[in-house]
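# Architecture at a glance
Chain by chain, the residues run as shown.
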Amino acid sequence: MAAARRLKRVAVSQPGFLTLKPSRDPSDLVSGRRKRVNKNKKKNWNKHSDINDVEEFLEDVRHQERTTGGLLSEKSDDSLFFLDVGQPKKAEQKAEESVEGKKRKGKASRPLRIDLILQHDSLVPPAKDVLSYQQPNAKKLRRIAQKAEQLAAKGVVPRRQRQLLNRRPVDRTAKKSATEANNNPDREYYDMWGQESKESADPWYLQQTGKRQVKRPEKLNEKPSVLPAVEVIAPGGSYNPDFLSHQALLQEAHDVEVKKQKQEEKLERQLAFNKEDKATEETVLREQVEGLVEEENEDEEAAADDEEEDVAVGAIALSEKKTERQRKRERAEKIKEQQRLADRKQTDQQQQLFQLRSIKASIRQREQKTKSNQIKRKAKQEAQKSQPRRLGKLKFQPQDLEVQLSNELAGSLRRLKPEGSILKDRFKSLQKRNLIEPRDRAKFKRRLKVKYVEKRAFKEIT
């Protein structure tokens, strides 16, 4: 802005310049007096101040710095003037050429004009980049270096260097695998940006990287879904479909709406109030009388409990201690039972020798059942690849069918009304292909209440 004002002042000062409006007030021109301006204000400095002499002085200083590298008043006479003693003698010229070793034939070659233009002609040194000399943690590193020098003067070896000296030397006598030469034209070309991964046993790859490739898990090569990225709409969704395809699409949309209506009706039936559970006068009276029983019934129950306790105490008292003969008999019966079970197990094992054919048939039947279960499980997994999985707390909700009724069909692209959203369609496609989990729009909750205040100007109007 200041530069534009300066150019304007220079143009006005030129002879023959006609201004559209007078620089002074008409009253000043008539009276011949100069308008007094308060220069204490910053807005009047550039407007009513002439700084052309200052700009010319600064431009002269910059020119001297570019051409001579400094001010001429500060330069010595030897740097500004030289003594012309004429052309040197031929003998001296030949001696100089022999010393320099630059014997040229014909006319001396001069640099091209384009090269001279590109040369740097300013003698002002470039500004020093302070940031390039700065080093992070310079004070800390300098202190560590000084401490290391002091320890080295005392003959103390640092711990890290001592550990490096105590390490076992690596046996590098093992020969590396022979590799082909780099300039061999028959060598296979290695494309580092290729889709196919290089084999881990490739000697050229091992030589260049010095390590083997990490084996990629096979599961990472599988796609999360077999569905295409862009699904083609049914023929009935065209702007000018035939009658049968449009009716098929309408029937599909009708089935979806009927299914939704049935689910809503089922939910209403489950949440509906049962008339049988409604409280009546009889049930209210029964609840009020609940717990009020006659004393006779309570006495009878107490007497029955006392009899049961007497019988239990008598049974405990009648239990007698077993004799030695009874214990021996029980021990012998226990041993006999164990022997009987062992003989029965041995007999069953012997009988299994005669059942090998039936056992083989049962094993074969079990293997067939296992194979059929594996096939069913694999088929189920393949079918699940085309269905969205449960990746989060929300369940995937398919997008509504975009269908037009028969009276809404446009018949031409000019009268076609666009429906749906491309962004929403892509978002649903990513959810259906198990690339992202289903999400809901974040609910905005205002933390502070909004306070409405009427301004003074609004109050005056109302």
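Sequence order as written defines the numbering, with residues in each chain counted from 1. pLDDT decides what is reported in this predicted model: residues at 70 or higher carry local features, side-chain atom pairs at 80 or more are listed and counted, and totals for whole chains, interfaces and linings draw on all residues regardless. Side-chain metrics rest on all non-hydrogen atoms present in the structure, leaving aside hydrogens and water.

### As for the overall build of the protein chain
Labels follow the DSSP assignment, with helices taken as runs of H or I lasting at least four residues and strands as runs of E lasting at least two, numbered in each case from the N terminus. Scanning the protein chain from terminus to terminus reveals 17 helices and zero strands. Per-residue accessibility, obtained with a 1.4 Å probe over protein chains only, is compared with the maximum for each type, and a residue is labelled buried under 20%, exposed over 50%, and partly exposed between these values. Within the protein chain, the proportion of its 462 residues that are buried is 6%. Only heavy atoms matter for contacts: two residues are in contact if any of them lie within 4.5 Å across the pair. Long-range contacts, defined as pairs at least 24 residues apart, comprise 58% of the intrachain contacts of the protein chain with a sequence gap of at least 6. Each accessible area is a Shrake-Rupley result for a 1.4 Å probe, and residues are judged covered by the shown protein chains and nothing else. By element, 53% of the accessible surface of the protein chain is carried by carbon and sulfur atoms, the whole surface being about 46,400 Å².

### So, unusual backbone geometry
With a phi angle near 60°, Asn 137 is a residue other than glycine that sits in the positive phi range. Relative to the assigned elements, Asn 137 resides in the loop between α7 (130-133) and α8 (138-154). Judged by relative accessible area, Asn 137 falls into the exposed class, the value being 54%.

### Considerations on the confidence of the model for the protein chain
pLDDT gives the predictor's per-residue confidence on a scale running from 0 to 100. Of all residues in the protein chain, 73% have pLDDT values of 70 or greater, and the mean over the chain is 78. Mean pLDDT in the protein chain bottoms out at helix α2 (residues 26-31), which sits at 49, and peaks at helix α11 (residues 243-271), which reaches 93. In the model, residues 14-23 has pLDDT below 50 throughout and makes three contacts with residues more than four positions away in sequence or in other chains.

### A look at the side chain of Gln 404
In this structure, Gln 404 sits in the loop between α15 (356-385) and α16 (422-432). When its relative accessible area of 16% is taken as the criterion, Gln 404 is described as buried. A 3.5 Å cut-off defines polar contacts: any pair of N or O atoms within that distance qualifies, except that in protein one atom must be a possible hydrogen donor and the other a possible acceptor, and neighbouring residues in sequence count only when both atoms are side-chain atoms. Side-chain polar atoms of Gln 404 contact the side chain of Glu 419, separated by 3.1 Å. Discounting residues that sit within four places of it in the chain, Gln 404 has contacts with His 246, Leu 250, Leu 409, Leu 416, Lys 417 and Glu 419.

### Structural notes on the pattern of salt bridges
The term salt bridge refers to a pairing of a side-chain nitrogen on Lys or Arg with a carboxyl oxygen on Asp or Glu at a separation within 4 Å. For the structure shown, the criterion picks out eleven salt bridges. When the shortest N-O distance is used, the salt bridge between Glu 330 and Lys 322 registers 3.0 Å. Residue class for Lys 322 comes out partly exposed when judged on its relative accessible area of 45%. We note a salt bridge from Glu 337 to Arg 340, for which the minimum N-O separation is 2.3 Å. Note that Glu 337 and Arg 340 are positioned in helix α14 (residues 324-352) at a spacing of three residues, about one turn of the helix. For Glu 337, a relative accessible area of 36% gives the class partly exposed.

### Focus: the environment of Phe 243
Topologically, Phe 243 is positioned in helix α11. Phe 243 sits in the exposed class, given a relative accessible area of 60%. Between the C-alpha atom of Phe 243 and that of Ser 406, which follows or precedes it by 163 residues, the distance is 9.1 Å.

### Considering α8
Multiplying 1.5 Å by the residue count of a helix minus one yields the expected span of that helix. The end-to-end C-alpha separation of α8 is 25 Å, in line with the 24 Å expected for 17 residues at 1.5 Å each. Count one or two residues on from α8 and you reach Gly 155, which has phi positive near 85°.

### So, a positive patch on the surface
Patch membership requires over 30% relative accessible area and the absence of a salt bridge. Like charges are linked within 9 Å, and nonpolar side chains (Val, Leu, Ile, Met, Phe, Trp, Tyr) within 5 Å. Charge counting follows a simple rule: Lys and Arg are positive, Asp and Glu are negative, and His as well as the terminal groups are ignored. Charge placement uses NZ in Lys and CZ in Arg. For Asp and Glu, CG and CD serve respectively. A contiguous patch of positive charge on the surface is contributed by Lys 35, Lys 41, Lys 43 and Lys 47. Looking at the element boundaries, Lys 41 is found in the loop between α2 and α3 (52-68). Look at Lys 41 and you get partly exposed, because its relative accessible area is 44%.

### Side note on the side chain of Gln 64
Considering the arrangement of structural elements, one finds Gln 64 in helix α3. Note on Gln 64: relative accessible area 15%, which makes it buried. Residues in contact with Gln 64, not counting those within four places in the same chain, are Gly 69, Gly 70, Leu 71 and Leu 72.

### Let's talk about the environment of Leu 250
Mapped onto the fold, Leu 250 is located in helix α11. Apart from the residues within four sequence positions on either side, Leu 250 is in contact with Val 403, Gln 404, Leu 405 and Ser 406.

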